[in-house]
Amino acid sequence: QVQLVQSGGGLVQAGGSLRLSCAASGSIFSINYMGWFRQAPGKQRDLVASITSGGSTNYADSVKGRFTISRDNAKNTVYLQMNSLKPEDTAVYYCKMAAQAMALRVPSIYWGQGTQVTVSS
């Protein structure tokens, strides 16, 4: 099956930048969807950005112009470049993929383990 491993994140001052990575391991036939979600303490998990297999992107209004989602199909990896970070961006960030395993070729949803992003003022 598919496993997602996240990297990046950490502590940064307001106005700074961070880059998150999420790599899918395993025998993957295709990835139909990649996305980033975040969840602040006491809050629900919300969509931050997503990208489809066709390259179409979608961003939450709160991050438009500051965050950029990208992918490397050869590496089965999705990235989230976060610029001009604000304290309100502080949350645990999770990557999500809709992928098909090589053997079954049936789409399934996979989640990364989460990465803490803390932005200080």
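Residues numbered from 1 in each chain as written. Predicted model: local features only at pLDDT ≥ 70, side-chain atom pairs only at ≥ 80, totals over all residues. Heavy atoms only, no water.

(A) Broad picture of the confidence of the model for the protein chain. Across the protein chain, the average pLDDT comes to 95, with 100% of residues at or above 70. When mean pLDDT is compared element by element in the protein chain, strand 11 (residues 115-120) scores highest at 98, while strand 10 (residues 107-111) scores lowest at 93. (pLDDT = per-residue confidence, 0-100. Helix = DSSP H or I, 4+ residues; strand = E, 2+ residues; numbered from the N terminus.)

(B) Broad picture of the pairing of strand 11. Of the two faces of strand 11, the one lined by Thr115, Val117 and Val119 is fully buried and the one lined by Gln116, Thr118 and Ser120 carries no buried residue. Where strand 2 (residues 10-13) lies against strand 11, four bridges are found, and the strand directions are parallel. When the bridges of strand 11 are listed, glycine 10 appears paired with valine 117. Note: strand 9 (residues 91-101) against strand 11, three bridges, orientation antiparallel. (Buried < 20%, exposed > 50% of the residue type's maximum accessible area, 1.4 Å probe, protein only. Pairing = 2+ DSSP bridges.)

(C) Representation of the packing of aromatic side chains within the structure. Under the defined criterion, the tally for this structure stands at one aromatic pair. It is arginine 45 that lies over the ring of tyrosine 94; its NZ or CZ is 3.6 Å from the centre. It is arginine 45 that lies over the ring of tryptophan 111; its NZ or CZ is 4.8 Å from the centre. (Phe/Tyr/Trp six-rings, centres within 6.5 Å; stacked < 30°, edge-to-face > 60°. Lys NZ or Arg CZ within 6 Å of the ring centre and 35° of its normal.)

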